[in-house]
Amino acid sequence: MTEAEDEAFRDVLRGLRVWEGELPAFETDPAKAPQEPLTLFRQWLREAAEAGVPEPHTMTLATADAAGDPSVRTLMLHDADERGWHFASHRGSRKGRDLAVRPRAALGFYWPALGRQIRVRGEVTEAGPEESAADLHRRSPGALAAALVGRQSEPLDSYGELERASQEAWERARREPDAPVPSWTLYVLRAEEVEFFQGDARRRHVRLDYRRTEDGWERGLLWP
């Protein structure tokens, strides 16, 4: 890269703006927030959907391997209930291998139209094979076809190989809508900490932090 190209890129970054519209207000007294984070999480996701945020159920998932090297990727939230935050993947994928040796993870949600983000971290467990299969077969035929292709995160010799495998998987998914995919695994993250961040145009952001204790959840504010 030339110096001019470097500077042109920096000009693009410096010219970008965030939160230029009106942002929602957020309660600044932790005592007035819901006693547990699931209620507020569901409310915020619903409000993001109502505000027209595209794919508000997408999230980042951070894991680490046996050496502690981190990985992050974007995927879909499948559910959020009293057990935790649900997502799924092949057991042999990079995220699956990471979770097998370090069953802890962090999630991140970001809804820029509202200036909101949520961070979740905690221990991850595998659901059983029946629940994992039910999770997969509730999804679209395309999701089943992708799962049938498998081999996620393995090296790919050519795109043509993927095209052939994908075509075969689509045909099988249409023939067998309940086709089994033994490697498909539903994971549940049991939150130990959940942070709700409400952006403010004057940078007086509100950060409401929930921390799990033996007696329930403690709520408090964090400096932005």
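That block above? That's the structure.
Residues numbered from 1 in each chain as written. Predicted model: local features only at pLDDT ≥ 70, side-chain atom pairs only at ≥ 80, totals over all residues. Heavy atoms only, no water.

Draft legend 1. Local environment of the environment of Pro141. For Pro141, the location among the structural elements is in helix H5 (residues 141–149). Residue Pro141 is classed as exposed on the basis of its relative accessible area of 52%. (Helix = DSSP H or I, 4+ residues; strand = E, 2+ residues; numbered from the N terminus. Buried < 20%, exposed > 50% of the residue type's maximum accessible area, 1.4 Å probe, protein only.)

Draft legend 2. A look at helix H2 (residues 37–50). The first and last C-alpha atoms of H2 sit 20 Å apart over 14 residues, in line with the 20 Å expected at 1.5 Å per residue. Taken as a whole, H2 has its buried residues at Pro37, Leu38, Leu40, Phe41, Trp44 and Ala48. All buried residues of H2 lie within an arc of 165 degrees about the axis, which places them on one face of the element. Here H2 starts with a cap whose side-chain oxygen sits 2.9 Å from the backbone nitrogen of Leu38, and that cap is Glu36. Just downstream of H2, Gly52 is the residue with a positive phi angle, here 85 degrees. (Expected span 1.5 Å × (residues − 1). Arc of directions from axis to C-beta. Polar contact = N/O pair within 3.5 Å; in protein donor to acceptor, adjacent residues only side chain to side chain.)

Draft legend 3. Here's a closer look at the nonpolar core. Formed by 33 residues in total, the largest nonpolar core has its most connected members in Trp85, Phe87, Phe109, Ile118, Val194 and Phe196. Going through the elements one at a time, H2, strand E1 (58–64), strand E4 (84–90), strand E5 (104–111), strand E6 (116–126), strand E7 (184–198) and strand E8 (206–213) are the ones with two or more residues in this core. Residues contacting Trp85, with those up to four places away along its chain left out, are Phe41, Leu77, Asp79, Ala80, Leu107, Phe109, Val120, Tyr187, Val188, Leu189, Ala191 and Val194. Core analysis: the second largest hydrophobic core is formed by 11 residues, Ala88, Ala145, Ala169 and Ala173 among them. (Core = buried A, V, L, I, M, F, W, Y, C linked by side-chain atoms within 4.5 Å. Contact = heavy atoms within 4.5 Å.)

Draft legend 4. Fine view of the environment of Pro34. If you trace the backbone, Pro34 turns up in the loop between helix H1 (3–15) and H2. With 185 residues separating them along the chain, Pro34 and Arg219 place their C-alpha atoms 9.2 Å apart. Pro34 has contacts with Thr39, Leu40, Tyr210 and Arg219, leaving out every residue within four places of it along the chain.

Draft legend 5. Focus on the packing of H5 against helix H6 (residues 159–175). Running from amino to carboxyl end, H5 crosses H6 at an angle of 125 degrees, the nearest separation of the two axes being 8 Å. With respect to each other, H5 and H6 are oriented oblique. Where H5 crosses over H6, the handedness of that crossing is right-handed. Facing H5, whose interface residues are Pro141, Gly142, Leu144, Ala145, Leu148 and Val149, H6 presents Leu162, Ala165, Ser166, Ala169, Trp170, Arg172 and Ala173. Taken together, the residues that form the contact of H5 with H6 break down as 10 nonpolar, 2 polar and 1 charged. (Axes fitted to C-alpha atoms, helices over the stretch in contact; angles between N-to-C directions. Parallel < 35°, antiparallel > 145°, perpendicular 65-115°, else oblique. Left-handed = near helix turned anticlockwise from the far one by under 90°. Nonpolar A, V, L, I, M, F, W, Y, C, P; charged D, E, K, R; others polar.)

Draft legend 6. Looking closely at a nonpolar patch on the surface. A cluster of nonpolar side chains, contributed by Phe9, Val12, Leu13 and Leu16, occupies part of the molecular surface with about 410 Å² of accessible area. The exposure class of Val12 is partly exposed, given its relative accessible area of 48%. (Patch = residues over 30% accessible without salt bridge, like charges linked within 9 Å, V, L, I, M, F, W, Y side chains within 5 Å. Areas by Shrake-Rupley, 256 points an atom, 1.4 Å probe, with all protein chains shown as cover. Salt bridge = Lys/Arg side-chain N within 4 Å of Asp/Glu carboxyl O.)

Draft legend 7. Seen up close, the side chain of Ser71. Counting through the fold element by element, Ser71 comes out in strand E2 (residues 70–76). Those residues in contact with Ser71 that lie beyond four places of it in its chain are Leu61, Ala62, Thr63, Arg94 and Asp98.

Draft legend 8. Up close: the pattern of salt bridges. Within the structure shown, the criterion is met by 16 salt bridges. One salt bridge in this structure joins Glu47 and Arg116, with 2.7 Å as the shortest N-O distance. One end of the pair, Glu47, is in helix H2; the other, Arg116, is in strand E6, and 69 residues separate them in sequence. For Glu47, a relative accessible area of 26% corresponds to the partly exposed category. Between Glu161 and Arg151 there is a salt bridge; the shortest N-O distance is 3.4 Å. One end of the pair, Glu161, is in helix H6; the other, Arg151, is in the loop between H5 and H6, with 10 residues separating them in the sequence.

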